[in-house]
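Letter by letter, the chains look like this.
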Amino acid sequence: MSKRNFKERLREAGPIILDGAMGTMLFQRLPGFSGCFESLNIDDPGSILAIHGAYLDAGAEVILTNSFGGSRIKLAEYGLEGRCSEINEAAAAIARRAVCNRKAFVAGSMGPTGMLMEPMGELRADDAYASFAEQARGLARGGADLLVIETMTDLLEAMTALRAARAETGLPVVCSMSFEDNGRTVTGSDMLTALATLAENGADAVGANCSMGPEGLYRLYADNIDRLRELCTPMTVWANAGMPAMVDGRAVYSVGPERYARRTAMFAELGLKIIGGCCGTTPEHIAALTRHLEPFREEKVPCERRYRWITSRFRAIDSSSGEFLRIGERLNPTARKKFAEELKAGQWNFLRDESRKQEAEGAHILDVNVGVPGIDEEGTMAKCISILSGAVKTPLMIDSDNHRVLEGALKLYPGVPVINSVSGKIKSIETLLPLLERYGTFVVGLCLDETGIHREAEKRIAVGERLLDMLAEHGIGRERVYIDPLMLAESAEPGSAVETLKVIAHFAGKGVKTSVGLSNISFGLPRRKHINNAFLAMALERGLSAAIINTASVHAGGEAGEEEKAARDFLEGRDPRAALYIARFAGDGAEKTAAAVKGDSCDVLGTIYGMVVEGDADAMAPKVEEALASHGPEEIMNNALIRGLEKVGDLYSAGEFFLPQMIASAQAMKTGFERLKPLLKKEGIEKKGRVVICTVRGDVHDIGKNIVAMMLENHGFEVIDLGKDVETERVIEAVKESGAKLLCLSSLLTTTMGEMEAVSNIIKKEGLPARLIVGGAVVTRDYAEKIGALYGEDAVEAVKAAQRAVNEG
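Residues numbered from 1 in each chain as written. Predicted model: local features only at pLDDT ≥ 70, side-chain atom pairs only at ≥ 80, totals over all residues. Heavy atoms only, no water.

> Run through the pattern of salt bridges, naming residues and quoting values.
Under the criterion given, the structure shown has 56 salt bridges. Salt-bridge contacts for E230 lead to R227; the nearest nitrogen and oxygen are separated by 3.0 Å. Since its relative accessible area comes to 29%, E230 is described here as partly exposed. Residue E757 is joined to K786 by a salt bridge in which the shortest nitrogen-to-oxygen separation is 3.5 Å. Placement of the pair is E757 in helix 29 (residues 754–766) and K786 in helix 30 (residues 781–786), with a sequence separation of 29 residues. (Salt bridge = Lys/Arg side-chain N within 4 Å of Asp/Glu carboxyl O. Buried < 20%, exposed > 50% of the residue type's maximum accessible area, 1.4 Å probe, protein only. Helix = DSSP H or I, 4+ residues; strand = E, 2+ residues; numbered from the N terminus.)

> Please give an account of the nonpolar core that cites residues and values.
Ranked by size, the top nonpolar core spans 136 residues in total, and within it I149, L195, L198, Y221 and L272 carry the most contacts. If one sorts the elements of this core by residue count, helix 8 (residues 155–169) sits on top with eight residues. Excluding residues that lie within four positions of it along the chain, I149 makes contacts with M110, A161, L162, A165, V173, V174, C175 and S176. With 50 residues, the next largest nonpolar core counts L641, I707, L790 and A801 among its residues. (Core = buried A, V, L, I, M, F, W, Y, C linked by side-chain atoms within 4.5 Å. Contact = heavy atoms within 4.5 Å.)

> Please give an account of the sheet that holds strand 16 (residues 418–423) that cites residues and values.
An order of 13-14-15-16-17-18-19-20 is seen for the eight strands of this closed barrel, with the pairing classed as parallel. Geometrically, the sheet is characterised by an average inter-axis angle of 30 degrees between neighbouring strands, direction not taken into account. Across three bridges, the pairing between strand 15 (residues 396–399) and strand 16 is parallel. By the bridge assignment, D399 is partnered in strand 16 with N420. (Pairing = 2+ DSSP bridges. Axes fitted to C-alpha atoms, helices over the stretch in contact; angles between N-to-C directions.)

> Account for helix 21 (residues 562–571), with residues named and values stated.
All of the buried residues along helix 21 are E564, A566, A567, F570 and L571. Down the axis of helix 21, the smallest arc covering the buried residues is 160 degrees, so these residues share one side. Buried residues along helix 21 sit in contact with helix 19 (496–509), helix 20 (528–541) and helix 22 (579–584). Two residues or fewer after helix 21 comes G573, characterised by a positive phi angle close to 90 degrees. (Arc of directions from axis to C-beta.)

> Break down helix 18 (residues 457–473) for me, citing the residues and quoting the values.
With 17 residues, helix 18 ought to run about 24 Å at 1.5 Å a step, and its terminal C-alpha atoms sit 24 Å apart, in line with that. Burial in helix 18 covers these residues: A457, R460, I461, V463, G464, E465, L467, L468 and L471. Close packing links the buried residues of helix 18 with strand 16, helix 17 (426–439), strand 17 (442–446), strand 18 (481–484) and helix 19. (Expected span 1.5 Å × (residues − 1).)

By themselves, these are just geometric observations and shouldn't be taken as functional.
Structure follows, in structure tokens:
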């Protein structure tokens, strides 16, 4: 089979069979090996070649290279970062050798870095991109036919890897996420949102792997399949052979080859294209799967892929549904003095408050503009995007004409946003086209060019059509564009409203989406909301798709009141100069705004409590300082900070908060706690208990452990964090030396779970008084009970387990 024709194979009939687990086979072949699997591409290529051969003999049409942990960032954990290119090139070359003279493809495997990207973690977007880019180049040089980004739990990391892979190699890219039992990734993305985002960022196929067995993944796909088919993108799956159980210190998977094949073949009935095996699967599983997939060879006519999904980390909006989209306007410093002042001062209270209010008011999208003279707009926009990505579920419209500001924001945004905006000016198009091509966004196109803004509909239409044609020439289809006719103030340009409606009707009639900045229409008039609502009703009659509006005062639909009827008379020219409209509201003054009223019960402790729940760390320190004037540190700690964090825990347990919100709340709590810490020590207030925490030997994944450590400290425990990949002897030594009554162990890998039992056995044998709490992605309650430990399903439950252990003595 000739190289680089994988896209052609995707269009052919029948499923494509992927191989099974590399790690499972390496543990069988090299039971004593405890180093970096990827180093075997250099040190023991024969073992890798043999495993590839076994999967090819079993019927695999695609084999994954031994490079899952081959990024520079992951290799650094073994001191091998300097050999990243060499290791990945060797991995692909071994696979290339294995498929020689066979009808099969080499897929370069790219797994997660094991670090959380900013703003949730410390991994910078540029560093993540560079790491994935280096790995992708090495795999391409070694002979990969395609790249497979797999087992991703963070949508932003998956998007970053996807962009690097596409930009650096030009190879086809498959992108696969890992989902929890609740149907979301660890960072909160549901299946449709995640896969739609990846498809619109250019993935050639999208899907799910790992995390659960074929039954669990089948339920997840079946629940979402109708909407997923609308992506018109080939879908993929490679499930685990069930969930592992630890037997004699080894991870044993419960689903054998025949059962796995029968269950996995059901994915072909749903129309999935690439089907294989993940953890626990072997050549026997793939051979059985090959037999069961043989009947599925009918020709399928794929639908035409089109852009339609505007997404955040948490939500997907179908732009083609015909539903009018309400875009919140209030995150714009223009005419909002408080927001402008806070942006200058590097404060974010207004941003958080107004974003949540607009979301509650029904905004589908939030427009974000930080255009304040004299500030670092690039850094400020990046900060706003980081905050909003976790503070609200609503997708964002990034509002700037500065390409550096836009790109800085796009690197950090975990979804498919709308860029506001590009105009018909040649300079604007040349500047923004690379971003539209690279980041796969939607865009607002302004009916504006070098000749200016025109009052007449015909001239605006001509500018808009030229802009659409120029974008199309560079691969930006009309489905990605919202044409903005540019609203003129009717009080200053009488008759312009009717002209604007003609522009909307023209483009709507051609199937092109339209959007307006609604508030401009009512500039200089009293009771502006009635003008806005009246024009919106008229625009909707002509097919308007979206509008940037004040979600607190503008409504779409419903019967017009007398005020809106009067406004319509003005807009349609029956009330020249708005004389009747103005007379109607004479003496009423400008539009009134209601001030927020706080009840008497909302004292400073209640405010601090709310700041913890909302994850507002920026204003926490001064507020705690204010509280100290009338409250003791212990009272502030217990009745405000801890109580707020407990509420966050309840919301997290209920599935209303996800990892980003919990991290933000914990950081807010930590800010307050740091101010109180010296005072608590001075007053001799005792800690709830001393805890030793770490990830077990052989496991370098410490994201979950770090969150648990922070949560424990925030709840009043003294935490001794030993870090990751900690030798068992050092763990026991730390428990003895510190006198800790609690020991928390984390493991993300089935291969390192056995260390937990080893530690438990030592604790029992030596009669140490420490209670053991275990957790991590692969750890179950049954396993915890089996080894005599308490179970911390997540950070919230781990804290509860620690509190129970302390209370029970």
